[in-house]
Amino acid sequence: MGKVSIMREFWEFLRVRKKYWLAPIMLFLLLLGALIVFTQGSALAPFIYTLF
């Protein structure tokens, strides 16, 4: 099962159940997770962690 099919299945869930308000929350969580992963080993890490 690929990442594309997971996203497609999630979109179908949102569309069928009319839960469009979940999309911005999930997008924010994905971006936050990517930010933490990509800055974990860099010199920016101390500055990112002070935001939280």
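Every chain is numbered independently, its residues counted from 1 as its sequence is written. Whole-chain, interface and lining totals are the exception, using all residues; otherwise, since this is a predicted model, local features are given only for residues with pLDDT of at least 70 and side-chain atom pairs are given and counted only at 80 or more. With hydrogens and water excluded, all non-hydrogen atoms of the structure serve as input to the side-chain values.

A. Seen up close, the overall build of the protein. Put simply, DSSP marks the helices as runs of H or I at least four residues long and the strands as runs of E at least two long, and each gets a number from the N terminus on. Of the regular secondary structure elements, the protein holds three helices and zero strands. Starting at the N terminus and walking to the C terminus, you meet the elements of the protein as α-α-α. A burial count over the protein gives 10% of its 52 residues as buried. Buried means the residue's accessible area, taken with a 1.4 Å probe over protein chains only, is under 20% of the maximum for its type, while exposed means over 50%, and partly exposed covers the values in between.

B. Looking closely at a nonpolar patch on the surface. Note that patches include only residues with greater than 30% relative accessible area and no salt bridge, and the join distances are 9 Å for like charges and 5 Å for nonpolar side chains (Val, Leu, Ile, Met, Phe, Trp, Tyr). Note on areas: these come from Shrake-Rupley sampling with a 1.4 Å probe, and a residue is covered only by the protein chains present in the view. Salt bridges are identified by distance alone: a Lys or Arg side-chain nitrogen within 4 Å of an Asp or Glu carboxyl oxygen. Nonpolar side chains collect at one region of the surface, where Trp21, Ile25, Met26, Phe28 and Leu29 lie side by side and expose about 530 Å² of accessible area between them. Its location among the elements puts Trp21 in the loop between α1 (3-17) and α2 (22-38). Judged by relative accessible area, Trp21 falls into the exposed class, the value being 54%.

C. Seen up close, the pattern of salt bridges. In this structure the tally under the stated criterion is one salt bridge. Salt-bridge contacts for Arg15 lead to Glu12; the nearest nitrogen and oxygen are separated by 2.7 Å. Of the two residues, Arg15 and Glu12 are both situated in helix α1; the distance of three residues between them amounts to about one turn of the helix.

D. Representation of the confidence of the model for the protein in the model. Mean pLDDT over the protein stands at 80; residues scoring 70 or higher make up 77%. Confidence of the predictor at the level of single residues is captured by pLDDT, which takes values from 0 to 100. For the protein, helix α3 (residues 45-49) is the element with the lowest average pLDDT, namely 69, and α2 is the one with the highest, namely 85.

E. Examining unusual backbone geometry more closely. At Lys18, a residue that is not glycine, the phi angle is positive and equals roughly 60°. If you trace the backbone, Lys18 turns up in the loop between α1 and α2.

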